[in-house]
Amino acid sequence: MPGVLVPRMLVLGMLAAAGLAGGCTVGPAYHAPAPDVPAAWHDPAGSDAAAARAADPAWWRRFGDPLLDGLVARATAGNPAFLQTIARIAQARAQEQAQRAAGLPSLTGSALYTRERLGEAGLFTALGSGQPGAAGQPGFAGGIGGLAQGLDLYQVGFDASWELDLFGRVRRAVEQAHAQLQAQLEASRDALLTLQGDVARAYLQVRAGQALRAQAAILAAARARALDLTRIRRAQGLADDTELDQARAALLQAQAQTPQLDQQVAQAINRLAVLTGQAPGTLAAALQGALAAPAPLPALPDRVAIALPAAITRRRPDIRQAEASLHAATAETGVAVAQLYPDITLSGQVGQRSLTLPDLAQWANTFYQFGPAISLPLFSGGRLRAGVALARARQREAALAYRQAVLTALQQVEDELAALRTDRDTQARDAAAIGVAAGRLDLARVRYRDGIGDALAVQDSMAALATARQDDVRARLQVLLDAVALYKAMGGGWE
């Protein structure tokens, strides 16, 4: 039956045109950049090729602190800034799906009812005289009487359209959306790496502040005892006012450390609360108690995983994000170039149309239309050419941004390697200074016990040992912070 064949003809016609849809794709094709990087690191600390290996997704566990592990897990699950990047991934994925749908045929259903009445006077004027026709036939007026009384029109059907995308505009748009999705994924990974590093830094500062405060208490106690001894010596005429003022100033300086260190610890704990997605002072009771209880700094990692410079471009998410942005900019250029070419769309309509509702389902009332439509840009005042120039400029900017990201990454790694190497040397000297100060304290105690030394020398040696231990805590903290920064500079690890 003709009415049965019409929808089939429409579908077959559109399917036959699918062979044309695989036409050429205009615009530049994307090729992954090959950055120029050195074969090895310049700093001697990065020359150990045996340390080069795959990124560790849980690099912070190398510090061997379960509480730090728990804080990182809480931050990953609850940090609002990081969760925003996850929401942006969902947006980019939806945008990609929308672009893919633009290259598929669209089909919509419709139903229509209208009532129409034409004015008699207007019909007579437009169609001629209203006199009766020859041989007694009714005139024009009789023939259009029904129109003048009004008509009901019922219609149901389907509309279909398909852009053939002969020159790849839709395909380039899909490519661009996919690259933008990849860029957002890498941005989320970079945000995760930064979040992990911030949590580790804040936690290390808490533990360092607590260790420094403990030594500050020892130092203040030693300075207080030294002041008492100096007062006694002053009363006995063995010390003058200058020595007494110096002892008093030393005590005040030692006591001034305590509020500063308390502030450092409190601010670091507040920072941990915010990083884990909680208001300051509202950390879980168990977690708050574990942080409040003083604990030693985590042990220094024996070795930090060091990848070769060429691997940095694949490990660092910010570089991968810049590469994905370059891919998106290249595809955008293809979209702009395709705008200069003809656009062919297949469209069709099939349905039933009748003047009465009961007759709507009859096959005799079937109608259809089918055919291609071509749109060719002839004149746009230079708008399309300007769009191409703009897209190419953005592509060049993205290429330079990628190059800058690589150079910045190389510099950061070299800087952190140098910092780790020199700060390790500083920490080794500070650790040796503790041994010297401890030896001086033992000697002062022996001399005091044998009656050839005084108690003031013992207190001064105790203060010197507490100061040396504080210097060692600061040095170890700096080395740990260097290790965190190096893990981040190397791309750390992410999943």
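Predicted model only: the values in this text are computed from it and were never measured.

Quick word on the overall build of the protein chain
Next, step 1: Helices and strands together make up the secondary structure of the protein chain, namely 14 helices and 4 strands.
Next, step 2: Among the 495 residues that make up the protein chain, the fraction classed as buried is 38%.
Next, step 3: Carbon and sulfur atoms provide 58% of the accessible area of the protein chain, an area that totals close to 26,000 Å².

Topic: the environment of L340
Next, step 1: Of note, L340 is situated in the loop between α12 (317–338) and β3 (343–354).
Next, step 2: On the basis of relative accessible area, L340 is assigned to the partly exposed category, the value being 23%.
Next, step 3: Sequence-wise, L340 and G387 are 47 residues apart; in three dimensions their C-alpha atoms are separated by 9.9 Å.

A closer look at the packing of helix α8 (residues 169–235) against helix α9 (residues 241–275)
Next, step 1: The geometry of α8 relative to α9 is characterised by a closest axis approach of 7 Å and an angle of 160° between their N-to-C directions. If you check the angle between α8 and α9, you find them roughly antiparallel. Every pair of crossing elements has a handedness; the one defined by α8 and α9 is left-handed.
Next, step 2: Within the contact of α8 with α9, the residues separate by chemical class into 22 nonpolar, 8 polar and 10 charged.

Description of the pattern of salt bridges
Next, step 1: With the rule as written, the count across this model stands at 19 salt bridges.
Next, step 2: A salt bridge links R100 to E96, with the shortest nitrogen-to-oxygen separation between them at 3.0 Å. In this pair, R100 and E96 are both assigned in helix α4 (residues 80–102), 4 residues apart and thus about one turn of the helix distant.
Next, step 3: Using a relative accessible area of 45% as the deciding quantity, one classes R100 as partly exposed.
Next, step 4: Residue E163 is joined to R169 by a salt bridge in which the shortest nitrogen-to-oxygen separation is 2.9 Å.
Next, step 5: Overall, the relative accessible area of 16% leaves E163 in the buried class.
Next, step 6: Each of E186, R189 and R320 takes part in one network of salt bridges that share partners.

Analysis parameters
Residues numbered from 1 in each chain as written. Predicted model: local features only at pLDDT ≥ 70, side-chain atom pairs only at ≥ 80, totals over all residues. Heavy atoms only, no water. Helix = DSSP H or I, 4+ residues; strand = E, 2+ residues; numbered from the N terminus. Buried < 20%, exposed > 50% of the residue type's maximum accessible area, 1.4 Å probe, protein only. Areas by Shrake-Rupley, 256 points an atom, 1.4 Å probe, with all protein chains shown as cover. Axes fitted to C-alpha atoms, helices over the stretch in contact; angles between N-to-C directions. Parallel < 35°, antiparallel > 145°, perpendicular 65-115°, else oblique. Left-handed = near helix turned anticlockwise from the far one by under 90°. Nonpolar A, V, L, I, M, F, W, Y, C, P; charged D, E, K, R; others polar. Salt bridge = Lys/Arg side-chain N within 4 Å of Asp/Glu carboxyl O.

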